[in-house]
Amino acid sequence: MNKKMVIANLKMNKTIRETKEYVTELFALTTNTCVAIGVCPPATAINSAKRKLSGSKIMLGAQNIHEKDKGAYTGEISAEMAKEAGAEFSLIGHSERRKYYNDTNNIVNSKVLNALKNGLTSVLCIGETLAERGQEKTDIVLKTQVSEALNGVYGNELKNIIIAYEPVWAIGTKKIPSFKEIEGAAKSIREILAQLYGKEISAGMTILYGGSVDESNSKDIAKIKGIDGFLVGGASLDIKRFVAIINSF
Ligand code: PGA
């Protein structure tokens with residue numbers, strides 16, 4: 001059985017002070033859990049959070065990295081910089097990045113390769129829009145997103161890739177797919193990975209579900225076959241709600 005994992009995506013929320021308080025409380029409330037916990041604060045707060053977490057297994061992640069190593073890219077942060085600040089992983093291809101900042105599958109692929117080069121795990125976010133679902137294109141969208149994002153990634157590097165299945169229409173909307181649909185999507189993703197890298201690697205991959213996960217639905221989603229954890233946005237901002245979600249496993 002794959003290890004369970006729950007990640008908080010704080011998005012553009014929490015100052016350095018608020019993040020330090022948040023991770024300190026999270027550390028105190030989760031000492032007994034076997035679940036792997038990740039927190040993606042704003043980039044400004046990664047380093048301060050890291051210092052608060054010394055002695056803890058809680059991992060910090062960036063919400064995004066740039067695809068290039070360095071250069072004239074005003075406002076951007078490289079994988080090396082995120083790592084130096086204390087990140088062990090980065091979200092890559094989150095639907096908000098795809099929608100507002102034009103992260104195409106090609107760019108997502110460059111970011112994944114850059115993360116690997118710099119020793120950062122990628123949490124690769126994929127998922128269909130409502131229109132794509134309506135046209136029954138979910139499987140083909142997932143296939144394209146996975147295969148294009150992993151172009152040039154070798155099988156032995158997949159231990160540094162986590163997939164987050166996040167239907168775009170479920171993010172921040174309080175709407176979630178049926179449990180059967182989530183199970184079906186996880187199965188499709190594993191089939192795509194098996195075609196690309198073989199069954200063994202595919203079976204060992206961590207697949208998270210994200211999109212309107214909260215403390216009222218997390219226990220049920222946690223039981224879905226093929227889902228190893230959650231990527232949580234809104235409900236992770238409140239520490240008690242986030243801890244309740246972690247405790248679903
Ligand atoms: P949500 O966001 O939990 O607020 O729906 C999830 C995400 O954006 O990763």
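Preceding block: the structure.
Residues numbered from 1 in each chain as written. Predicted model: local features only at pLDDT ≥ 70, side-chain atom pairs only at ≥ 80, totals over all residues. Heavy atoms only, no water.

1. A short note on the packing of aromatic side chains
The line we're drawing: Aromatic pairing here means that ring centres of Phe, Tyr or Trp (its six-membered ring) are within 6.5 Å. Orientation follows from the plane angle: under 30 degrees is stacked, over 60 is edge-to-face, and everything else is tilted. Secondary structure is summarised from DSSP: a helix means a run of H or I of at least four residues, a strand means a run of E of at least two, and numbering begins at the N terminus for each. Accessible area is worked out with a 1.4 Å probe on protein chains only. A residue is then buried under 20% of its type maximum, exposed over 50%, and partly exposed in between.
The tally for this structure, following the rule as stated, stands at 3 aromatic pairs. Residues Phe 230 and Phe 249 carry aromatic rings whose centres are separated by 5.2 Å and whose planes lie at 40 degrees to one another, so their mutual orientation is tilted. You can see Phe 230 sitting in strand S8 (residues 229–232) and its partner Phe 249 sitting in the segment after helix H11 (239–246), a full 19 residues away along the chain. Residue classification places Phe 249 among the partly exposed positions, given a relative accessible area of 29%.

2. Some points on the sheet that holds strand S6 (residues 161–165)
To keep things clear, this is the line we draw: Two strands pair under a simple rule: DSSP has to find at least two bridges between them. Only the stretch in contact is used when a helix axis is fitted, and all axes are lines through C-alpha atoms; the angle between N-to-C directions ranges over 0 to 180 degrees.
If you walk around this closed barrel you meet the 8 strands as S1-S2-S3-S4-S5-S6-S7-S8, and the pairing is parallel. Here the average twist between neighbouring strands, direction ignored, is 25 degrees. Of the strand pairs in this sheet, strand S4 (residues 89–92) and strand S5 (residues 121–126) are connected by 4 bridges, and their pairing is parallel. Within the sheet, the bridge partner assigned to Ile 92 lies in S5 and is Leu 124.

3. Topic: the site of the ligand
This is how it is decided: Any residue with a non-hydrogen atom lying within 4 Å of a molecule or strand is treated as near it. Polar contacts, as counted here, are pairs of nitrogen or oxygen atoms within 3.5 Å of one another; within protein the pair requires one atom able to donate a hydrogen and one able to accept it, and residues that are adjacent in sequence qualify only if both atoms are side-chain atoms. Under the convention used here, a 1.4 Å probe and the Shrake-Rupley method define accessible areas, while residue burial counts only the protein chains that appear. Note that Gly is not counted as nonpolar here; it falls among the polar residues with everything else outside the nonpolar set of Ala, Val, Leu, Ile, Met, Phe, Trp, Tyr, Cys and Pro and the charged set of Asp, Glu, Lys and Arg.
Taken together, 13 residues lie near the ligand, and Lys 11, His 94, Glu 166, Gly 172 and Ser 212 sit nearest. Contact distances for the ligand include 2.8 Å between an oxygen atom and a backbone N or O atom of Gly 233. Here an oxygen atom of the ligand and a backbone polar atom of Gly 234 are 2.8 Å apart. Relative to its free-state accessible area of 280 Å², the ligand is covered by the protein chains to the extent of 96%. Considered class by class, the residues forming the shell around the ligand number 4 nonpolar, 7 polar and 2 charged.

4. Describing helix H7 (residues 138–149)
Filter applied, for reference: By definition here, a helix of n residues has an expected span of 1.5 Å times n minus one. Our arc is simply the arc of the directions from the helix axis toward the C-beta atoms. Any pair of residues with heavy atoms lying within 4.5 Å of one another is described as a contacting pair.
Taking 1.5 Å as the rise per residue, H7 with 12 residues should run 16 Å; its terminal C-alpha atoms sit 16 Å apart, in good agreement. Here H7 has its buried residues at Thr 138, Val 141, Leu 142, Gln 145, Val 146 and Ala 149. Seen along its axis, H7 keeps its buried residues to an arc of 120 degrees; they face one direction. Summarising the contacts, the buried residues of H7 are in contact with helix H4 (95–100), helix H5 (105–117), S5, helix H6 (130–134), S6 and helix H8 (179–197).

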